[in-house]
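# A closer look at the structure
The chain contents come next:
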Amino acid sequence: MTDKNILISIVKNTGCFKWEDKMNKRMGIIFAVILIAANIVGCTGFGRKNDKPIVLTLWHVYGGQTDSPLNQTIDRFNETTGKEKGIRIQVTSVSNTNTIHEAVIAAANKEPGAAELPDMFVSYPKTVLSLPDKDILVDYKDYFNEEELKAFIPEFIQEGMIDDKLMVFPVAKSTEILFVNRTLFDRFSKETGAKEEELATWDGVFNMAKLYQKWSDDKTPDIANDGGNFFVHDYHFNYFQVGCESLGEDFFSDIADGGKLAFGEKFKQIWQPYANAAISGGVWLRDGYATEPLRTGKAIVSVASSASVLYYEDVVTYENNISEPIEVISYPVPIFENGKKMVMQRGAGFCTVKSTKEREKAAAEFLKWLTEPDNNIEFVVKAGYMPVTEKAFEELPNASEKLENLKYRSLYEALAKTKKDYTFYVAPQLPNYLDLEMHFEKNVRLELSRAEQEYKDALQNNTQTDIDTYIEEAYENLVQAMK
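First things first, this report covers the structure right here in the doc.

Calculation rules
Residues numbered from 1 in each chain as written. Predicted model: local features only at pLDDT ≥ 70, side-chain atom pairs only at ≥ 80, totals over all residues. Heavy atoms only, no water. Helix = DSSP H or I, 4+ residues; strand = E, 2+ residues; numbered from the N terminus. Buried < 20%, exposed > 50% of the residue type's maximum accessible area, 1.4 Å probe, protein only. Areas by Shrake-Rupley, 256 points an atom, 1.4 Å probe, with all protein chains shown as cover. Salt bridge = Lys/Arg side-chain N within 4 Å of Asp/Glu carboxyl O. Pairing = 2+ DSSP bridges. Polar contact = N/O pair within 3.5 Å; in protein donor to acceptor, adjacent residues only side chain to side chain. Contact = heavy atoms within 4.5 Å. Phe/Tyr/Trp six-rings, centres within 6.5 Å; stacked < 30°, edge-to-face > 60°. Lys NZ or Arg CZ within 6 Å of the ring centre and 35° of its normal. Core = buried A, V, L, I, M, F, W, Y, C linked by side-chain atoms within 4.5 Å. Axes fitted to C-alpha atoms, helices over the stretch in contact; angles between N-to-C directions.

It is worth spelling out the overall build of the protein chain at this point. Summing up its helical and strand segments, the protein chain has 19 helices and 16 strands in all. Counting only residues that meet the buried cut, the protein chain has 52% of its 483 residues in that class. Carbon and sulfur atoms form 49% of the exposed surface of the protein chain, whose accessible area is close to 23100 Å².

Written as structure tokens, this is what we have:
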């Protein structure tokens, strides 16, 4: 068949033009050329016109604006698959989940001065639950079939389900990990006999916190009650929530009516050692993330998101501006004796704002690419997260063994143990979850800090020094504040 006949055949079979036998053959060739050009423009991408790709804006939380593991991965997508399919991802903000939460709610409520919602943003389900209209978001089940979704870790998909719709798509998940400044811990251990193995249980952590406070206080006998903090938890709310659930008690009650905190027997049980260590001065109670006191040597053990590894440096800088290199290692989170090995599932997901089917499909194509095992692993190991599919988890050990940074290698060893031995806890989707969390965090810090100061004053003045009195009073004040 000649080139001319091929072109004519194409025109006949496209269905785009009605073929007339008497049509001039030369005109047929012209039509064919036009048709092929149209196919190149219209069929290789997502409705591109004049070779212009679909540009999707994104707000995310992975790293900094100029040094982000996700930005690097997006650049690769834009230059490869994105270029082939006519899709371009444009990052317009890199922030944290709290800032994005506020910006998303402000935009959704059309508050004066609020930015326009991007095509995609990264958030927790609690942000979606706070929206005035959740239906502005895409249901990913419209773009991922059942077989595709089965490839993902079930708990990760479950967390993103809201009103039976998959509105928060898992791309990288974190969990809580115990981070230890081994350099400073070894000094403490050498003089006190403390062992890293004791960090496997909460009782071990809190007993060590009290020991550390006394040991560091004794270093300056001329200054009373100046012992250092040993331990810091990123979210007190998670400690109590997972602690209660791991011991078989509901942390929340009246869920059908919106939800409130139960304050049951197990809560009181896990309150005792935590409050004791905090009021004794062994626990960091100030605002902010757990990375800060570890970076400055004001605490040497933390429980925080695995993604915190991005912010833990290999150097600690003290208040006197003296710095020294340190080694940071990771362990699975401590457990309670007789409790289940349970850990908080963390890590936000991607939400896509409804627009046109074409743009929504383009967003889904990007997420499919990003969660392919090789692409997903490349991204997550740079950011301290876990991959989201079973296949990627199977391949993760091989990838982590190649990591040159010992801090990251230790983290992924701890994550592998966590995946193998622990159950991921998924918090209930309560409309007031965020309010409960923020209110609880504020009041726990407030009450324990107040009790710590009063206890310290009592020790200095040789007055009421029965710590159980302060533990009980702080508990009663917390319960009252949460009503």
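Structure's up, so let's keep going.
A word on the pattern of salt bridges. Under the definition given, this model contains 27 salt bridges. In this structure, E472 and K268 form a salt bridge, with 3.3 Å as the shortest nitrogen-oxygen distance. In this pair, E472 sits in helix 19 (residues 467-481) while K268 sits in helix 12 (residues 265-279), placing the two residues 204 residues apart along the sequence. One salt bridge connects R450 with E454, and the closest N-O pair in it is separated by 3.0 Å. Of this pair, R450 and E454 both sit in helix 18 (residues 433-461), separated by four residues, roughly a single helical turn.

With that out of the way, let us pick up the pairing of strand 1 (residues 54-60). Counting buried positions along strand 1 gives five out of seven residues, so the element sits mostly inside the fold. Where strand 1 and strand 2 (residues 87-94) come together, seven bridges link them in parallel fashion. Bridging across to strand 2, T57 finds its partner in Q90. Looking at chain direction, strand 1 and strand 3 (residues 120-123) are connected through two bridges and run parallel. In the sheet register, W59 faces strand 3, and the bridge partner there is F121.

Before going further, it helps to examine the pairing of strand 10 (residues 301-305). Burial within strand 10 is extensive, with five of its five residues counted as buried. In this structure, strand 6 (residues 174-181) lies alongside strand 10, joined through five bridges in antiparallel fashion. Among the inter-strand pairings, L178 is bridged to a residue of strand 10, identified as V303. Pairing geometry for strand 7 (residues 231-233) and strand 10, over three bridges, is parallel. Counted as the bridge partner of H233 is V303 from strand 10.

On to the side chain of E441, then. Here E441 is to be found in helix 18. The buried category is assigned to E441, whose relative accessible area is 9%. At 2.7 Å, the side chain of E441 and the backbone nitrogen of F237 are in polar contact. Residues within four places of E441 in sequence aside, it is in contact with D234, Y235, H236 and F237.

Take the packing of aromatic side chains next. Throughout the structure, instances matching the rule amount to 47 aromatic pairs. Seen in terms of ring centroids, F240 and F267 are 4.7 Å apart; in terms of plane orientation they differ by 25 degrees. Their pairing is stacked. Here F240, found in helix 11 (residues 236-246), pairs with F267, found in helix 12; they are 27 residues apart in sequence, far enough to count as distant. K368 extends its terminal NZ or CZ atom over the ring of F144, reaching a point 5.1 Å from the ring centre.

Among soluble globular proteins, nonpolar side chains are generally buried collectively. Ranked by internal contacts, the top residues of the largest apolar core, which has 150 residues, are F169, F230, F231, F267, W271, F350 and L448. Among residues more than four places away in sequence, those in contact with F230 are F185, F188, L199, V205, M208, A209, Y212, G282, A299, I300 and V301.

So, about the sheet that holds strand 15 (residues 349-352). Reading across the sheet, the four strands line up as 2-1-3-15 and stay open at both edges, with mixed pairing between neighbours. Lying at the two open borders of the sheet, with one neighbouring strand each, are strand 2 and strand 15. Strand-to-strand, the axes of this sheet are offset by a mean angle of 30 degrees, without reference to chain direction. Both strand 3 and strand 15 contribute to a ladder of four bridges, which runs antiparallel. In the sheet register, V122 faces strand 15, and the bridge partner there is F350. Contacts from helix 3 (residues 69-79) reach strand 1, strand 2 and strand 15, with the element oriented near 160 degrees to strand 2. The strands touched by helix 5 (residues 97-108) are strand 1 and strand 3; relative to strand 1, the strand with the most contacts, the crossing angle is about 125 degrees.

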